[in-house]
Amino acid sequence: MREARENPSRLEVQTFFDEATFTASHVAYDAETRVGAIIDSVLDFDAASARTSTRSADSIMAFVLEKNLKIDWLLETHAHADHLSAAPYLQEKLGGRLAIGREIVVVQNVFGKIFNFGTEFARDGSQFDALFADGDNFSVGGFPATVLHVPGHTPADVAYVIGDAAFIGDTLFMPDYGTARADFPGGDARQLYHSIRRILSLPDETRVFLCHDYLGPDRRAFAWETSIVDERKQNVHLHDGVGEEEFVAMRTARDKTLKAPALIIPSVQVNMRGGRLPPPEANGRRYLKYPLDTL
Ligand SMILES: [Fe+2]
């Protein structure tokens, strides 16, 4: 039985915000067919104790079960550098196919070298069930979905446009906060400019869902939904009228002031394996690796 507040003509989106990593995870679903996708889930990780927990993922799972949804897709917008993905955990519990942009192989090659992973670590994207190229189409229930390759933050970022909603990963943030950094290995401020301009050319009425929020100078409540019009008019880094050179200069200067994300080392080595933890050693324990004086 459909609930009164659900609207079958529009993709339903429920967001779960993790204040520890400022990450917005989304469940997008078709209220008619009860088919859904989980976008950018979080596996909780305490860096001091190196303990993982599924508290955040379990709240997503509870929602999916309560709403009686069939999960067709676990979508990653990119290999995140600030949180571990819970996609394999949720896939095991709920099913669905795990997908990311096909340029993940570039990230696997770059970071495979940085972590000095051996042949055990495949760099062909085979940890994922689907590798999307720009323009690929799929569906979430009755809603058509399209993949946009939007590199710049990382080489492999994609945005998912599902029905009238765009899940844009780390490209734009809320208008009062600006844009994603472009200084990770393989990042590129110029590419980010063109990727964002492409997102801003989506229809004005597109609902825009973000991957992160860090509050704004005058904002006290976390937010994760904005619009193409608001971004085009008000984004502090890249509103209409800001040119490529101006943006690249701003982004490059700002990135020089940013510290590495607290969880970049655990996150990247796990997320480029599709969110799977490294294989256990002979004693049955799993270990993370820390390249010293490298990042
Ligand atoms: Fe990111």
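Residues numbered from 1 in each chain as written. Predicted model: local features only at pLDDT ≥ 70, side-chain atom pairs only at ≥ 80, totals over all residues.

**Observations regarding helix α1 (residues 55–66)**
Keep this limit in mind: Runs of E in the DSSP output that reach at least two residues are strands. Runs of H or I that reach at least four are helices, and both are numbered from the N terminus. Helix span is expected to be 1.5 Å times the residue number reduced by one. Three exposure classes are used, all based on how many other C-beta atoms lie within 10 Å of a residue's own C-beta (placed from the backbone): buried at 20 or more, exposed at 12 or fewer, and partly exposed between those limits. The directions considered for the arc are those from the helix axis to the C-beta atoms. Each residue is represented by a C-beta atom placed from its backbone, and any two residues with such atoms within 7 Å are regarded as in contact.
Helix length check: α1, at 12 residues, gives a terminal C-alpha distance of 16 Å against a target of 16 Å (1.5 Å per residue), a fit within 8%. Along α1, the residues that are buried comprise S56, A57, I60, M61 and V64. Along α1, the residues classed as buried sweep out an arc of 135 degrees about the axis, all on the same side. Opposite the buried face of α1, by more than 90 degrees, sit the exposed residues A62, L65 and E66. Considering only its buried residues, α1 is in contact with β1 (12–18), β2 (23–30), β3 (35–39), β4 (44–46), β6 (70–75) and α2 (87–94). Remark: N68 follows α1 within two positions and exhibits a positive phi of approximately 60 degrees.

**Some points on the sheet that holds strand β7 (residues 97–101)**
Note the cut-off: Whether two strands pair comes down to DSSP finding at least two bridges between them. Whenever a helix is involved, its axis is fitted only over the stretch in contact; in every case the axis is a line through C-alpha atoms, and angles between N-to-C directions fall within 0 to 180 degrees.
Across the sheet, six strands lie side by side as β1-β2-β3-β6-β7-β8; this open sheet has mixed pairing. At either margin of the open sheet sits one strand with a lone partner, and together these are β1 and β8 (130–132). Neighbour-to-neighbour, the strand axes of this sheet turn through a mean angle of 25 degrees, independent of strand direction. In this sheet, β3 lies alongside β2 in antiparallel orientation, the contact comprising five bridges.

**Thoughts on the packing of helix α4 (residues 189–200) against helix α6 (residues 244–255)**
To keep things clear, this is the line we draw: Roughly parallel means an angle under 35 degrees; roughly antiparallel, over 145; roughly perpendicular, 65 to 115; everything else is oblique. Here a crossing is called left-handed whenever its near helix is offset anticlockwise from the far helix by less than a right angle, and right-handed whenever the offset is clockwise. Classification convention: Asp, Glu, Lys, Arg as charged; Ala, Val, Leu, Ile, Met, Phe, Trp, Tyr, Cys, Pro as nonpolar; all other residues, Gly among them, as polar.
Here α4 crosses α6 at 125 degrees, and the two axes come no closer than 9 Å. In terms of their interaxial angle, α4 and α6 are classed as oblique. Relative to α6, the crossing made by α4 is right-handed. Where α4 abuts α6, its residues A189, R190, L192 and Y193 lie against E244, F247, V248, R251 and T252. For the contact of α4 with α6, the class distribution of residues is five nonpolar, one polar and three charged.

**What about the packing of α1 against α2?**
Running from amino to carboxyl end, α1 crosses α2 at an angle of 30 degrees, the nearest separation of the two axes being 10 Å. By the criterion of interaxial angle, the relationship of α1 to α2 is roughly parallel. α1 and α2 meet at a crossing whose hand is right-handed. Taken together, the residues of α2 that come into contact with α1 (itself represented by A57, I60, M61 and V64) are Y89, L90, K93 and L94. Grouping the constituent residues of the contact of α1 with α2 by class yields seven nonpolar, no polar and one charged.

**Overview of the UniProt feature "domain: Metallo-beta-lactamase" (unreviewed entry) in the protein**
For clarity, the cut-off: UniProt positions are given in the numbering used here, feature names are shortened, and annotations may be inferred rather than shown by experiment.
When the UniProt feature table is mapped onto this chain numbering, "domain: Metallo-beta-lactamase" (unreviewed entry) sits at residues 22–212. Measuring from the first to the last C-alpha atom of residues 22–212 gives 5 Å, for a span that is 23% helix and 29% strand.

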